[in-house]
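In case you want the letters, here they are:
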There are 2 protein chains.
Amino acid sequence: MADDELSRVFAALADPTRRGIVSRLAVGDATVGELADPYDVSIQAVSKHIKVLADAGLVSQSKDAQRRPCHLEAEIFDLMTKWIERYRLQAQERYDRLDAVLAEMHVDQRRADLRHLEQGAAS
Amino acid sequence: MADDELSRVFAALADPTRRGIVSRLAVGDATVGELADPYDVSIQAVSKHIKVLADAGLVSQSKDAQRRPCHLEAEIFDLMTKWIERYRLQAQERYDRLDAVLAEMHVDQRRADLRHLEQGAAS
DNA sequence: TGAGTCTTCAACCAAGTGGTTGACAACGGG
DNA sequence: CCCGTTGTCAACCACTTGGTTGAAGACTCA
């Protein structure tokens with residue numbers, strides 16, 4: 001994986017455990033232990049997942065005694081959404097233009113049919 | 001990487017070369033060779049990238065003699081967008097509620113200040 | 001048919017990923 | 001001050017990934 005930001009964000013979300021952590025954090029902040037609870041992997045593994053999310057800018061951690069409450073950084077989603085929307089819309093416009101071309105072809109075809117009918121009637 | 005669809009889509013886009021291919025395809029369909037042209041990796045590597053995108057449902061390929069024109073399947077973007085929006089909005093609402101709470105605290109603080117002032121004036 | 005073009009398949013390799021266990025740092029409550 | 005709790009770091013392992021090269025399949029054209 002390349003180390004640019006967009007790559008890190010997509011890669012971070014390409015794992016169901018990490019997406020689960022994100023969806024849990026959308027409800028509210030939580031400690032590493034709380035986040036690890038639903039999963040049957042070690043707490044160290046979850047700690048690593050959180051590090052990946054933090055490196056991607058999706059999550060931040062603060063200090064509360066020996067606890068490290070995790071917080072979802074929702075702004076970073078915009079980066080993804082913008083990238084996605086750019087190409088989704090671009091592709092959509094292309095399809096719309098294609099539809100327009102096809103519609104125009106149908107009009108032309110109808111005109112040709114009409115001419116053909118007229119010629120047939122004349123002969 | 002887990003093999004569920006959302007994971008495949010995110011993982012597919014977690015690579016700058018594959019995002020480049022997607023952005024090229026948003027302009028219009030292209031053959032494997034055309035897609036490989038801008039990159040200084042082998043055509044086989046690009047063919048593999050296209051396979052990853054196809055397995056994620058982001059790209060489809062048709063047949064034109066020995067060519068395999070690639071086509072962007074924009075609908076699959078909706079899957080991601082929906083996932084992202086769900087948690088982005090959920091988090092946003094939470095922040096809005098927090099803002100409301102903070103605003104209310106400020107109001108309470110102003111009331112307390114006011115009482116304090118009144119008491120100070122009375123004493 | 002035979003040469004040339006476009007693409008994929010197969011085998012291989014270095015580097016990265018997600019998991020483990022063990023050690024340890026940091027902190028709060030008896 | 002020690003002990004339990006919380007979390008990270010380090011080393012290791014199996015597996016995946018992104019790249020390579022070489023061969024072969026599928027097709028066109030002379």
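Let me begin by describing the structure that accompanies this report. Nothing here was measured: the structure is a model prediction, and the numbers come from that model.

Conventions and cut-offs
- Residues numbered from 1 in each chain as written.
- Chains lettered and ligands numbered in written order.
- Predicted model: local features only at pLDDT ≥ 70, side-chain atom pairs only at ≥ 80, totals over all residues.
- Helix = DSSP H or I, 4+ residues; strand = E, 2+ residues; numbered from the N terminus.
- Buried ≥ 20, exposed ≤ 12 C-beta atoms within 10 Å, placed from the backbone.
- Contact = placed C-beta atoms within 7 Å.
- Near = placed C-beta within 6 Å.
- Nonpolar A, V, L, I, M, F, W, Y, C, P; charged D, E, K, R; others polar.
- Core = buried A, V, L, I, M, F, W, Y, C linked by C-beta atoms within 7 Å.
- Axes fitted to C-alpha atoms, helices over the stretch in contact; angles between N-to-C directions.
- Parallel < 35°, antiparallel > 145°, perpendicular 65-115°, else oblique.
- Least-squares fit on C-alpha atoms with pLDDT ≥ 70 in both.

## Structural notes on the overall build of chain A
- For chain A, the count of helices and strands is five helices and two strands.
- Its helices and strands in sequence order give chain A the pattern α-α-α-α-β-β-α, from N to C terminus.
- Out of the 123 residues belonging to chain A, those deemed buried represent 24%.
- Counted over contacts in chain A with a minimum sequence separation of 6, partners at least 24 positions apart contribute 51%.

## A closer look at the protein's contact with DNA strand C
- Every one of the 22 residues lining DNA strand C counts as a neighbour, but Ser42 and Ala65 of chain A together with Thr31, Gly33 and Ser47 of chain B are closest to it.
- Only helix H4 (43–55) of chain A together with helix H3 (32–36) and helix H4 (43–55) of chain B provide two or more residues apiece to the surface near DNA strand C.
- Residues belonging to the surface near DNA strand C are distributed by class as follows: eight nonpolar, eleven polar and three charged.

## Quick notes on the nonpolar core
- Counting 50 residues, the largest nonpolar core has Val9, Phe10, Leu53 and Leu58 of chain A together with Val9, Phe10 and Leu58 of chain B as the members making the most contacts within it.
- Those residues in contact with valine 9 of chain A that sit more than four places away from it in its chain are Ala56, Leu58, Ile76, Leu79 and Met80 of chain A.

## A short note on the packing of helix H2 (residues 16–27) of chain A against H4 of chain A
All names here are of chain A.
- H4 packs onto H2 with a crossing angle of 75° between their chain directions and a minimal axis gap of 10 Å. Between H2 and H4, the angle is such that the two are roughly perpendicular. Judged by residue contacts, Thr17, Arg18, Ile21 and Val22 of H2 engage His49, Ile50, Val52 and Leu53 from H4.
- Grouping the constituent residues of the contact of H2 with H4 by class yields five nonpolar, two polar and one charged.

## So, the interface of chain B and chain A
- Listed by partner, the interface residues are 26 residues for chain B and 26 residues for chain A.
- Mapped by element, the contributors of at least two residues to the side of chain B that touches chain A are helix H1 (5–13), helix H2 (16–27) and helix H5 (76–122) of chain B.
- Per-element accounting of the side of chain B that touches chain A gives the leading share, ten residues, to H5 of chain B.
- The class makeup of the residues in the side of chain B that touches chain A is 16 nonpolar, six polar and four charged.

## Overview of the protein's contact with DNA strand D
- What surrounds DNA strand D is a group of 22 residues, the closest being Thr31, Gly33 and Ser47 of chain A together with Ser42 and Ala45 of chain B.
- Looking at the surface near DNA strand D, the elements with two or more residues in it are helix H3 (32–36) and H4 of chain A together with H4 of chain B.
- Split by residue class, the surface near DNA strand D holds eight nonpolar, eleven polar and three charged.

## Remarks on the relation of the copies chain B and chain A
- For the match of chain B to chain A, the screw axis carries a shift of 0.0 Å, the RMSD comes to 0.0 Å, and the turn is 180°. What the superposition gives is, in effect, a two-fold axis relating one chain to the other.
- Taken together, the interface assignments show that 100% of the residues at the interface of chain B recur at the interface of chain A, consistent with an identical surface on both copies.

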